Amino acid sequence: MREEHQRITMTDFPPVQPCRHCQGGKQRLQSATLMTWLGDDLITVPDFPAWICDLCGARTYDSQALAQLSLLLNPEAGTPIQPALEFKKNLPPVKNPPPAQP
Ligand SMILES: [Zn+2]
């Protein structure tokens, strides 16, 4: 009676999901360039999976991909990852790229 381990793969997601930022828009999984601060360094990650709304343009980076990225960037990889919202709160607000607010 084991639960099947959930694999972190893009193929598990439907290609389109309803937009949470507007009425009627649909977010499609596309590749976008993620820009984020790592300490004092601005790093860019090309071809990062992001959900982009075809109506309002809201961009939501894939949460599981973000989790994988933070593992790659964190020298203490292996420690539990904080939820995305907590992660954003802990970033300096001046350097933080504008988060997608609902
Ligand atoms: Zn939208």
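Residues numbered from 1 in each chain as written. Predicted model: local features only at pLDDT ≥ 70, side-chain atom pairs only at ≥ 80, totals over all residues.

1. Regarding the overall build of the protein chain
Definition in use: To qualify as a helix, a DSSP run of H or I must reach at least 4 residues; to qualify as a strand, a run of E must reach at least 2; elements of each kind are numbered from the N terminus. Think of it this way: build a C-beta for each residue from its backbone, and any pair within 7 Å is a contact.
Helix and strand counts for the protein chain come out as two helices and four strands. Taking contacts inside the protein chain between residues at least 6 apart in sequence as the whole, the part at least 24 apart equals 46%.

2. Some points on the pairing of strand β3 (residues 41-53)
The test is simple: One requirement defines pairing of two strands: DSSP has to find at least two bridges between them.
Pairing between strand β2 (residues 26-38) and β3: 11 bridges, direction antiparallel. Paired with Q27 across the strands is C53, a residue of β3. Counting the residues in the hairpin turn of β2 and β3 gives two residues, including G39, whose phi is positive at 65 degrees. With three bridges connecting them, β3 and strand β4 (residues 59-61) associate as antiparallel partners. Bridge pairing in β4 places A50 opposite Y61. Hairpin remark: β3 followed by β4, antiparallel, with five residues in the connecting loop; positive phi at G57, about 80 degrees.

3. Details of the pairing of β2
Taken together, the three bridges between strand β1 (residues 16-18) and β2 define a ladder with antiparallel strand orientation. Residue pairing for β2: V16 is matched across the bridge by R28.

4. What about the sheet that holds β3?
Convention followed: Fitted lines through C-alpha atoms give the axes, limited to the stretch in contact for helices. The angle between two N-to-C directions lies from 0 to 180 degrees.
Within the open sheet, the four strands sit side by side as β1-β2-β3-β4. Their pairing is antiparallel. Of all strands in the sheet, those bounded by a partner on one side alone are β1 and β4. Adjacent strand axes in the sheet meet at a mean angle of 55 degrees when their direction is disregarded. Its contacts with the sheet place helix α1 (residues 63-73) against β2, β3 and β4, and it is angled at close to 165 degrees to β3.

5. Notes on the nonpolar core
Nonpolar side chains tend to gather and get buried jointly when the protein is soluble and globular. Rules: What makes a nonpolar core is a set of buried Ala, Val, Leu, Ile, Met, Phe, Trp, Tyr and Cys residues, with links drawn between C-beta atoms within 7 Å. Exposure is read from a count of other C-beta atoms within 10 Å of each residue's own; the residue is exposed at 12 or fewer, buried at 20 or more and partly exposed in between. C-beta atoms are placed from the backbone.
L34, A50, W51, Y61 and L66 form the largest nonpolar core, which has five residues in total. If near-sequence neighbours (up to four positions away) are discounted, Y61 is found in contact with L34, F48, A50 and L66.

6. Concerning unusual backbone geometry
If you check the backbone angles, D47 has positive phi at about 60 degrees while not being a glycine. With respect to the helices and strands, D47 occurs in strand β3.

7. Description of the environment of T60
Here T60 lies in strand β4. Residue T60 is classed as buried on the basis of its 20 C-beta neighbours within 10 Å. As a C-alpha pair, T60 and A32 span 28 residues in sequence and 10.0 Å in three-dimensional space.

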